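# Residue-level structural notes
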Amino acid sequence: MPKPENGPVFSRRPKVAFVGTGGAARGIAHLGVLRACEELGIQPEIFVGASAGAVVAATYGQGIPLDVLLDGYRLPWKRRHNGPRFHLSTFMGAPGVRDLMSPGYLTSGVFSLEKLERYLRKHLPENDFRRVKNEIFVTAVDIDRGQRVLFGRGYDAETPVSQAVAASCCVPGLFRPYPIRGTYHLDGEVVRTLSADVAVAAGADVVIISNIYRPADASSEPRSVARRGPLKVINQTLNIVLTEKERRGVDLYSMSNPGVRFIDIAPDIGMFGYLNRFAARSLVMRGYRSALRALARAKAQGVFEPGRVAAASRLN
């Protein structure tokens, strides 16, 4: 096959990375994207995540089977596995004694993420970045320096995986900033919505981006989003802002890394809220259908085969 203009030809099978955005309960759609990867025989070796994406990276990236993760969202009498179950109660911890002694810190958020950290510590196959088989990277933000913090091999690998994920899940206002060795952290997407650059630095040739911030298209609906209450308006506004940040990030990465292929998957999540875990089946299916179309097209173009590559550096 002739070499496409502006596109390299890999002499080996390309190294694939999965980058998952945040999104709270909407992040369940990431599991649908990974289901499509499995069906098409695509095996990521690098996992990068923030918030909900960090939870997926730390669990699926360590080999917890997809069906075990999905099982946690099935009705109790339909469950077949005794794997991790990320319910809302897993994230909403009560304040500790030290929190109560510091009114300023106590009022910096409604819940503590110490409960999530303990749960992850108990259920993760491995809690040491230096010992996991795949390359796993988690992002957070140092609230005092206002800078992105990276956890994983080559960065901060000493912090346990469970603490890194808890720090990355710290949504401002909802959770109190998560402390690690005297430094306080917030959600990894406060600074940067997408950390695909971390995947590129780790040697990825193909980066699969699972972005669940796509705003709902309500233009054909009989009632405007503006007439559905403040939560719907806030939900749609966040999706618009974060999707625009994500698109600009992918465009920048594509231009600065012409030898890397970015597959941008943005499932139509609709108006499902960030805390609606009861829509798990629908969210998974939406992620799966969007990913299957995009990945099958990329695979037909030879993106995942040695000696072949698609002509465009960004595939939608």
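Residues numbered from 1 in each chain as written. Predicted model: local features only at pLDDT ≥ 70, side-chain atom pairs only at ≥ 80, totals over all residues. Heavy atoms only, no water.

Moving on, we come to the overall build of the protein. Broken down by element type, the protein carries 11 helices and 11 strands. Taken over 316 residues, the protein has a buried fraction of 53%. Contacts in the protein between residues far apart in sequence, at least 24 positions, make up 73% of those at least 6 positions apart. For the protein, the exposed area adds up to about 14,700 Å²; of that, 55% sits on carbon and sulfur atoms. (Helix = DSSP H or I, 4+ residues; strand = E, 2+ residues; numbered from the N terminus. Buried < 20%, exposed > 50% of the residue type's maximum accessible area, 1.4 Å probe, protein only. Contact = heavy atoms within 4.5 Å. Areas by Shrake-Rupley, 256 points an atom, 1.4 Å probe, with all protein chains shown as cover.)

Inspection of every chain in the model, using the stated rule, returns 11 salt bridges. Arg130 is the partner of Asp128 in a salt bridge, and the nearest nitrogen-oxygen pair spans 3.1 Å. Since its relative accessible area comes to 48%, Arg130 is described here as partly exposed. Between Asp156 and Arg181 there is a salt bridge, with the nearest N and O atoms lying 3.0 Å from each other. Of this pair, Asp156 sits in the loop between strand 5 (147-151) and helix 8 (161-168) while Arg181 sits in the loop between strand 7 (178-180) and strand 8 (183-187); the two residues are 25 residues apart in sequence, bridging distant segments of the chain. You can call Asp156 buried: its relative accessible area is 18%. (Salt bridge = Lys/Arg side-chain N within 4 Å of Asp/Glu carboxyl O.)

The subject of this paragraph is the pairing of strand 1 (residues 16-20). For strand 1, a buried count of 5 out of 5 residues is recorded, marking the element as mostly surrounded by other parts of the structure. Burial along strand 1 is two-sided: Val16, Phe18 and Gly20 facing one way and Ala17 and Val19 facing the other are all buried. Taken together, the 5 bridges between strand 1 and strand 9 (residues 206-210) define a ladder with parallel strand orientation. Bridging from a neighbouring strand, Gly20 pairs with Ser210 of strand 9. (Pairing = 2+ DSSP bridges.)

Taken as a whole and assessed by the stated rule, the structure comprises 6 aromatic pairs. Their ring planes at 70° and their centres at 6.0 Å tell us that Phe47 and Tyr60 sit as a pair that is edge-to-face. Of the two residues, Phe47 is situated in strand 2 (residues 46-49) and Tyr60 in the loop between helix 2 (52-59) and helix 3 (66-71); the sequence distance between them amounts to 13 residues. On the accessibility criterion, Phe47 (1% relative accessible area) is buried. For the pair Phe111 and Phe175, a centre-to-centre distance of 6.4 Å together with 55° between the ring planes defines the contact as tilted. (Phe/Tyr/Trp six-rings, centres within 6.5 Å; stacked < 30°, edge-to-face > 60°.)

Taking 1.5 Å of rise per residue, the 27 residues of helix 10 (residues 230-256) would be expected to cover 39 Å, and the 39 Å separating its terminal C-alpha atoms lies within 8% of that figure. For helix 10, every residue scored as buried is listed here: Asn235, Gln236, Asn239, Leu242, Thr243, Glu246, Gly249, Val250, Tyr253 and Ser254. (Expected span 1.5 Å × (residues − 1).)

Right, let's get into a nonpolar patch on the surface. A cluster of nonpolar side chains, contributed by Leu231, Ile234 and Leu238, occupies part of the molecular surface with about 320 Å² of accessible area. The residue Leu231 is located in helix 10 in this model. (Patch = residues over 30% accessible without salt bridge, like charges linked within 9 Å, V, L, I, M, F, W, Y side chains within 5 Å.)

With 90% of its residues at a pLDDT of 70 or more, the protein shows a mean pLDDT of 85. In the predicted structure, residues 1-6 sits below a pLDDT of 50 and forms 9 contacts with residues beyond four places in sequence or in another chain. (pLDDT = per-residue confidence, 0-100.)

On to unusual backbone geometry, then. Of note in the backbone geometry, Ser51 takes a positive phi value of approximately 55° without being a glycine. Here Ser51 lies in the loop between strand 2 and helix 2. One non-glycine residue, Arg181, adopts positive backbone phi at about 50°.

Let us look at the nonpolar core. For soluble globular proteins, the rule of thumb is that nonpolar side chains tend to be buried together. Leu113, Val165, Ile208, Ile263, Leu295 and Phe304 are the most contacted members of the largest nonpolar core, which totals 68 residues. It is helix 11 (residues 280-300) that provides the largest number of residues to this core, a total of 8 residues. Leave out the neighbours within four places in its chain, and Ile208 touches Val16, Ala17, Phe18, Val19, Val33, Cys37, Ile42, Ile263, Ile265, Leu295 and Phe304. With 19 residues, the next largest nonpolar core counts Val48, Phe137, Ala199 and Val207 among its residues. (Core = buried A, V, L, I, M, F, W, Y, C linked by side-chain atoms within 4.5 Å.)

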